[in-house]
Structure formats: C-alpha cells, structure tokens
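Overview (structure and organization)
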Amino acid sequence: MNPNSNRFLSALAITAIAAVSLNSCKPKGAEAAISGDAASKVYVAPGKYDEFYDFVSGGFNGQMSVYGIPSGRLLRIIPVFSTFAENGYGFSEETKPMLNTSHGFVPWDDLHHIALSTTNGEHDGRWVFANGNNTPRIARVDLKSFRTAEIIEIPNSAGNHSSPFITENTEYTVAGTRFSIPIQGNPDVPINTYKQNFKGTISFVKVDSSTGHMNIAFQILTPGVNFDLSRAGKGKSHDWFFFSCYNSEKANTLLEVNASAKDKDFIMAVNWKKAEQYAKAGKGKMVPAEYAHNIYDEVKHQATSTIEKQVLMLDPKDCPDMIYFIPCPKSPHGTDVDPTGEYIVGSGKLAALIPVFSFTKIQQAIANKTFDGTFDGFPILKYEAVLHGEVQKPGLGPLHTEFDNNGNAYTSMFVSSEIVKWNIKDVKVLDRVPTYYSIGHLSVMGGPTRKPYGKYMIAYNKITKDRYLPTGPELAQSAQLYDISGDKMKMILDFPTVGEPHYAEAIPAEKIRNNSIKIYKIEENQNPYAAKGEAQTKVTRNGNEVHVYMTAIRSHLTPDNIEGIQQGDVVYFHVTNLEQDWDVPHGFAIKNANNAEILIMPGETQTLKYIADKVGIFPFYCTDFCSALHQEMQGYLRVSPK
Ligand code: CUK
Ligand code: CUA
C-alpha cells in the first residue's frame, strides 16, 4: 500500500471523527455527571480567599489572566504582549518600551504557555514566564507586583511555541522555532528550497537567580523541523530538555498532509548541561542577531529597551553527544516529564496510543549506541529500546499530559473530547471523563512540578458551543474544573475565561499572597519626573516640549489649571500618586488624548503624552473612583494659538 495515501486517509478519518464528535456534542447527561456536593466543593464564601492562584495564558489576546481556584473567579488580567487600556500598559511613556522589538513597537502577540518559576522543581512564587508565539518573545511577570517586568525577543526564530518552559531551578527558560526559516546568511530564498535552506533553533535563556533578568546564553542550530512543546527533565534527568517536533518530513506546503506522511516524528532530547559546557569551552560563535530586551524597573517606575546585536550560536555538528532524536508516533504535540523525572510522555495527535519513554533506558541506549539510523546526521535512538510502555486505546487526539502526586497521569484528548487518567507504572487506563468540548491543555494543580498538589484539575477547551448563554457569534471561552482527589474524576464547575486559554499553571495562594506589594513607598520613587509632594509640582518647557509634574491625592490633581500651552506643543503629564494607602490608585485622562488613560498606583509616577493639536479648553480628570469627592478630581488645560 502506498504509505502516503494511507496516512492521508487516517488524517482524513480523524478530521471526520472530529466533525462527528462536534455535532453530537450536546451535553448529554453532563448535569447528571455532576455530583451532588459539587457546589460546596467550589463555593468560596464571600470575604474568603481561594486556595490557588491560577495563571492562565490568554492566547491571541496577548495577556495572562489570574483566577482563584476552586471558585473560578477572575482576579486580574495582566497585560503582557498587548496594550491594556484599563491600566495604561503600553500607553504610558513608562510602559511603552516593554512592547518594543527589532521591528519597532509590536503591541500584540499570541501568548500560549505559562511557566511558574521553580526551585528544586517546586514552585517558589517569584515569577511567571510567558511566550510570545508570533514575534518571538519571552516575558517575565513579577509575582510581587503582578506586572510584566521583562520581555526579551528571540532572534533567529519564528513562531516561539515550545516556550517558556524552564529547568528545575529556573536556570534557563527555553524557546524553539515552530517555523523553521533561513537562519543566517541571505534570507531571500525560494520557499521551495526549504529542505536545503530552512533551519530551526533552540534558545537557552539564562535567568539570573536573584534579579530574574533574562539573557540569551546560547542558541543551538537544529534541523528544519517544527518544534511544538518542550519540558525540562527533573531529578535524574535534570540535565536534559525534551522538545517535541513534527514535520520531520520538512514540508513547506500543505502540512496537513505532507507533514503527516511519516509514521513517526521525534522528541528531540538536548543535554543542556553539555551545551552549557560547549558554550563555555568556546565551541559556539557569535553571530549577528538583532533583538530587543526590555526591562521594567520597579524603583524608577520606568521601562528601558535595548537592542542587542549578536548571539552565541552552537552548531551541534561541533558538539558531539548533545542532541538525540527519539521516534514518537505521530505528529507529536505535547511532551511531558513526570514528577520523578524518569518518564517522558509523548502525545502524537494522530496516534492511537500514548508512548511513555524511560530516561534510564534513554541513557542506556546512548551508552550502548542503540541507534536506529540518523536524522540530519544526528543519532535516532531505537524506539523499542527507550520505550517504557504504550498506553493502549487511550482515546483520540492526545495533546497534553499532567501528573498527580500518586503516580497517575492525565492526558487531554482533543478529538474524543475527554480526559483520560492512567497509571504511569503499568500504563493502564484507570478512568475517563468528558470535557465540553474538545479540550486543548489541561492543568493539574502543581502538575509540572516535582511535588504536584493534586486535588483539582482544569480543562481548557477549544469549543464552547452551548455551555454558556449565547453572546452572538463569539462565545466565552470555556474551562472546567474537576475534583481528582478520589479514584474517579468528577466535574465540579464550568467557568468562562478571557480567551483564548492554552496552558495554565496554579500555585497555592500562600506561596504568593504575603509577598504581594501593597504600595510603593513615595520616598523610594526614583522616576526622574516624580513630584514627591505638591510643593514639587511644576510646568517646564523645552522648545515645544512641555513637562507637567503633577500630583494626585484624594481628591485633587495639582496643578489643576494649566495655561501657557501652545498649539503644536507636546505635553507630558507626569502624574505621581501621593497616596500611601493600599488600594487607592488614581487615574488620569484628558479629552482628545490621542492615547489612553493611565492608572497610577500609590507612590508611583506614570506619564501620559498629549499632543496639543487643537486650540481650546480641555478637561482632565481622575478615572478611578477614589473617594466621595472623586468626581471633583478634575482640572483644565488651556491650549492657545501659537
Ligand atoms: S498549544 Cu494550545 S492546545 Cu499552543 Cu500548548 Cu496544545
Ligand atoms: Cu482620584 Cu478618582
């Protein structure tokens, strides 16, 4: 039989199954599947706190959102790769540099994955990382302030999907090309020269253990496959990183068919400790690479953006024993490492089984050179030699796997729209539960750590259909919460999310709560435009550039009558919030601001740029209801003809 037509048919068959399962996916018996005590399990009484913070990726909205679990209450939206009118992120002069790239200001990206920082493989509550898929970037959010603290662009890359997963002690966060591209040299090549000219890269971004600052330590040039997801080893596999890759066919068109031709693709295993040594030993070379590196300084209340010019590139041909390919059926999506670090789970979207690999066997196969040919000159480990076992008939369309604290794994099944629980040791299916509908990622509390908390699991679904009241053609995104404390998984809550959620990670509330910043101390504010008291307010002029040093305190802005501004002036309103009480932000907006509002937290300074393009009187006011006299918190700007 022609293997290609066979593959094509099986891909078609799965598409057909997908269509059937969607049409027949009315929530038959969904209500009945809910246990009688579900309500009490998710009920968090008024005034009480949730047990977990859940950090959820925002997908194409470029944000991250924070929910309380088990209630499913939305606590916060953190803008990362998008401007956000609510707090002026990307609009204020202080935060605009955060969205700078080598292509200029790019206020949008596709945020797929979350990684909470860990120490010894356990959550430490310091930072949460996020990837930008489109203009390749990695962001770091500070969990003291719940603000985006840093964004680094990834050069020599396109489609940063397999990111920002981290090593056990947050030594590195990684990035890998989803789209191979011409990496160095002339990029202007015919697309159908993909096989000769297109390459991938894996980037290891070093995270400073005290400041969290990111720097690209080195990149590894790889064959031109599509990297999909990645996970670091743990414990015994600490030195390794595993990247799932599809399109080992190296197709550049109609990937739906052409990238599914082979029976197996790969998981690429990278010995990052070795890579680190090669980099130190001078095996790499500096290559030109333009990328932005943006840092928000919480003392200066200001971001700076720097453009870097080169990066260290390792060619694995010069670095023996650094990368190996593990065959993985078929079109792998997720790759996940269990809490012990011994088992690596592959998820072939088109495979009818789930392969589980053994790290011990991988080491033996490397030592004994139990290879099964090469891929682009790199050894392929023999499938049977590194396999721990296969979960048979798990369902259709396995995507992602998470783990509990009792040796069980949970795999999301996109096509058959369910979660399957199985035992890692003997790879036996233990339970299955439907999701509504077509689950993508799933998240067990602490699931990717060395010590999962278990208890709850959340499904992030791709299709909402009839789960909520209709809101026109565009529906709320759908998540579902399950109780996994017993043998059987039990659905206990539906909760809508801002979209589109992909991955999420949850952390016990006490690991963050008590470190959360309440105010910024006004005396520590080093923003050069801060007015630390009303006596320091002033208006200065330099040519057509006007600086208004303004303060806000309940319930007035100072100065509140500003004259002497001429048409054509560029006015910078530097507003310092003098409050030193928790939860008293002030906002600032002005008519025709050709911008947005800014929201200023107690003790900080934020700047709104205003182009005085018209003559007239322009009111400004505080946008955040801050006291009984909030409505009185206003003023006027007079713009006169030049
Ligand atoms: S991906 Cu979305 S369901 Cu971008 Cu991690 Cu698998
Ligand atoms: Cu300040 Cu309202």
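Since the structure is predicted, the reported quantities are computational estimates derived from the model, not experimental observations.

Considerations on the overall build of the chain
- For the chain, the helix and strand inventory stands at 7 helices and 43 strands.
- Against the globule reference of 26 Å for 642 residues, the chain gives a C-alpha radius of gyration of 26 Å, in line with a compact fold.
- Referenced to the eigenvectors of the C-alpha coordinate spread, the extents of the chain come out at roughly 85 × 65 × 40 Å.
- The burial tally for the chain puts 51% of its 642 residues in the buried class.
- Here the contacts in the chain between residues at least 6 apart in sequence split such that 62% fall between residues at least 24 apart.

Concerning the site of ligand 1
- In the vicinity of ligand 1, the residues found are H112, H113, H161, L229, H333, L399, H400, G440, H441, H502 and Y503.
- Those elements that place two or more of their residues in the shell around ligand 1 are β25 (398–403) and β29 (439–444).
- Taken together, the residues that form the shell around ligand 1 break down as 3 nonpolar, 8 polar and no charged.

Quick notes on the sheet that holds strand β20 (residues 343–348)
- Here we have 4 strands laid out as an open sheet, ordered β19-β20-β21-β24, and antiparallel in their pairing. With partners counted over all chains shown, the strands left at the sheet margins are β19 (332–337) and β24 (387–392), one partner each. Strand-to-strand twist across the sheet, computed as the mean angle between neighbouring axes with direction ignored, equals 20°.
- Examined bridge by bridge, strand β21 (residues 353–358) and β24 share 5 bridges and lie antiparallel to one another. Following the sheet pairing, L353 is matched in β24 by Q392.

A short note on the confidence of the model for the chain
- Looking at the chain, pLDDT values average 94 and 95% of them are 70 or higher.
- Predicted confidence is poor over residues 1–26, with pLDDT under 50, and the contacts of this stretch with residues over four places away or in other chains come to 26 contacts.
- With a pTM of 0.95, the predicted complex shows an ipTM of 0.97.

Section: the environment of K369
- Inspection of the secondary structure puts K369 in the loop between α6 (359–367) and β22 (371–375).
- As for K369 and P379, which are separated by 10 residues in sequence, their C-alpha atoms are 8.6 Å apart.

Comments concerning the nonpolar core
- The biggest cluster of nonpolar side chains holds 127 residues, and the ones touching the most others in it are V128, V141, V205, A269, V270, A275 and I326.
- With 6 residues, strand β14 (residues 240–246) is the largest single contributor of residues to this core.
- Not counting residues up to four positions away in its chain, the partners in contact with V205 are I138, I152, Y172, T173, V174, A175, M214, N215, I216 and A217.
- One finds V546, M550, F573 and F620 within the second-largest nonpolar core, a separate group that totals 33 residues.

Let's talk about the environment of E474
- Tracing the chain through its elements places E474 in the loop between β30 (456–461) and β31 (477–483).
- For E474, a count of 9 C-beta atoms within 10 Å corresponds to the exposed category.
- With 431 residues separating them in the primary sequence, E474 and Y43 have C-alpha atoms 28 Å apart.

Quick look at the sheet that holds strand β33 (residues 504–508)
- Here 4 strands make up an open sheet; going across it, the order is β3-β2-β1-β33 and the pairing antiparallel. If you trace the sheet from one side to the other, it starts and ends with β3 (73–79) and β33, each paired once. Adjacent strand axes in the sheet meet at a mean angle of 20° when their direction is disregarded.
- Both strand β1 (residues 52–57) and β33 contribute to a ladder of 5 bridges, which runs antiparallel. Counted as the bridge partner of V56 is A504 from β33.

Focus on the pairing of strand β9 (residues 147–153)
- Here β9 lies mainly inside the structure; 6 of its 7 residues are buried.
- Bridging between β9 and strand β16 (residues 285–297) involves 3 bridges; their strand directions are antiparallel. Paired with I151 across the strands is N294, a residue of β16.

Let's talk about unusual backbone geometry
- For the bond from S163 to P164, the omega torsion is 5°, close enough to zero to count as cis.
- Residues Y436 and Y437 are joined by a peptide bond in cis, for which omega reads -10°.
- Its location among the elements puts Y437 in the loop between β28 (429–434) and β29.
- Of note in this structure, N592 is not a glycine but carries a positive phi near 60°.
- On the neighbour-count criterion, N592 (13 C-beta atoms within 10 Å) is partly exposed.

Digging into the environment of Q526
- Looking at the secondary structure, you find Q526 in the loop between β33 and β34 (538–542).
- Taking the C-alpha atoms as reference points, Q526 and Q302, separated by 224 residues in sequence, lie 9.1 Å from one another.
- If we skip the residues at most four places from it in the chain, Q526 touches V299 and K300.

Overview of helix α5 (residues 272–280)
- Of the residues making up α5, those classed as buried are W272, A275, Y278 and A279. When α5 is viewed along its axis, its buried side chains cluster within an angular range of 110° and face the same direction.
- G282 sits one or two positions beyond α5 and adopts a positive phi of about 80°.

Comments concerning the pairing of strand β7 (residues 122–132)
- Judged by how many residues are buried, β7 sits mostly within the fold: 9 of 11 residues are covered.
- Sheet topology note: the strand β6 (residues 114–119)/β7 ladder contains 5 bridges and is antiparallel. Residue I114 lies in a different strand from β7, and its bridge partner there is A130.
- Counting the residues between successive antiparallel strands, the hairpin from β6 to β7 contains 2 residues, one of them, N120, with a positive phi of roughly 50°.
- Of the strand pairs in this sheet, β7 and strand β8 (residues 137–142) are connected by 6 bridges, and their pairing is antiparallel. Following the sheet pairing, G132 is matched in β8 by R137.

Examining α6
- All of the buried residues along α6 are F359, I362 and A365. Buried residues in α6, looked at end-on, bunch into an arc of 115°, giving them a common side.
- In this fold, the buried residues of α6 make contact with β15 (265–271), β20, β21, β23 (378–381) and α7 (383–386).
- A positive phi of about 50° marks K369, the residue just after α6.

What counts and what doesn't
- Residues numbered from 1 in each chain as written.
- Chains lettered and ligands numbered in written order.
- Predicted model: local features only at pLDDT ≥ 70, side-chain atom pairs only at ≥ 80, totals over all residues.
- Helix = DSSP H or I, 4+ residues; strand = E, 2+ residues; numbered from the N terminus.
- Rg over C-alpha atoms; globule rule 2.2 N^0.38 Å.
- Buried ≥ 20, exposed ≤ 12 C-beta atoms within 10 Å, placed from the backbone.
- Contact = placed C-beta atoms within 7 Å.
- Near = placed C-beta within 6 Å.
- Nonpolar A, V, L, I, M, F, W, Y, C, P; charged D, E, K, R; others polar.
- Pairing = 2+ DSSP bridges.
- Axes fitted to C-alpha atoms, helices over the stretch in contact; angles between N-to-C directions.
- pLDDT = per-residue confidence, 0-100.
- Core = buried A, V, L, I, M, F, W, Y, C linked by C-beta atoms within 7 Å.
- Arc of directions from axis to C-beta.

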